[in-house]
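Summary of the model geometry
Letter by letter, the chains look like this.
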Amino acid sequence: MDLIKRAIKDMAHSVDGGYASVAAALGLSSRTALENRLYQVKGQRVSIEEALAIQRISGRNDFAEAVAAESGGVFVRLPDDVCCAALAEEEISAHFLSVIAHVGEMVEKWRKSTADGEVSERELADLLDVFRRGVAEQAAVIELTKRYFVRDDS
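The present account deals with the structure reproduced in this document. It should be emphasised that the depicted structure is a prediction, and the values quoted were computed from it without experimental measurement.

Before going further, it helps to examine unusual backbone geometry. Its identity as a non-glycine residue notwithstanding, Q40 has a phi of 55°, on the positive side. Residue placement: Q40 occurs in the loop between α3 (31–38) and α4 (48–58). Positive phi, close to 50°, is recorded for K42, a residue that is not glycine. As for its position among the elements, K42 is in the loop between α3 and α4. Residue classification places K42 among the exposed residues on the basis of a relative accessible area of 82%.

Soluble, globular proteins show a tendency: their nonpolar side chains are buried together. Of all hydrophobic cores here, the largest spans 18 residues; its most connected members are I8, L34, L38 and I54. Listing elements by their share of this core, those giving two or more residues are α1 (2–14), α2 (18–26), α3, α4 and α5 (62–70). Here the element with the most residues in this core is α1; it accounts for 5 residues. Setting aside residues no more than four positions away along its own chain, I8 makes contact with L38, V46, A51, I54 and F63.

Thresholds applied
- Residues numbered from 1 in each chain as written.
- Predicted model: local features only at pLDDT ≥ 70, side-chain atom pairs only at ≥ 80, totals over all residues.
- Heavy atoms only, no water.
- Helix = DSSP H or I, 4+ residues; strand = E, 2+ residues; numbered from the N terminus.
- Buried < 20%, exposed > 50% of the residue type's maximum accessible area, 1.4 Å probe, protein only.
- Core = buried A, V, L, I, M, F, W, Y, C linked by side-chain atoms within 4.5 Å.
- Contact = heavy atoms within 4.5 Å.

Remember that the coordinates give geometry; whether it matters functionally is a separate question.
As C-alpha cells, then:
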C-alpha cells in the first residue's frame, strides 16, 4: 500500500503549484486539507475518486501503475489514435525499438543485481520497473496493430 500512497504524493507534487494547486482543483479548502489526506492525519485518506482526479490533473499514470503493481500486474496505457496506417507503422516501429531497449536494460540490471549472488528488494523493484515498461511497450504494439491493421471480417 505504500506504493499507492507514494504514487499519489508524487503526482500531487508534480503539478505546477504543487499541493496548493491540487487542493484547489479538488475543491478543498486549503493545501493543509490535502496534506491531511495525503499523510492520513486523524484517519483522513485520499479517496479513489480524488486519486483518479489527481492522476488526471497531473497527466501521469502513477496511481494506476501502483494499483496494478499491488495487484500483481502491470498498467498498460494504450496509445493515442494515430491518423493513418502509414503513421501507425512508424509508431509501431518506435514501440518495437523501445521494447528492444527495455530488454537490453533489463539484462544489464539483472547482471548487476545478481553479480553478488543475491538480489535486494530495491534491485528487484528496479527489475520489475523495467519489465513493466517493456510489457507496456509490447501492449502498445498489439493495440496499434489491432487498431490499424486488423480487418473486420464480419
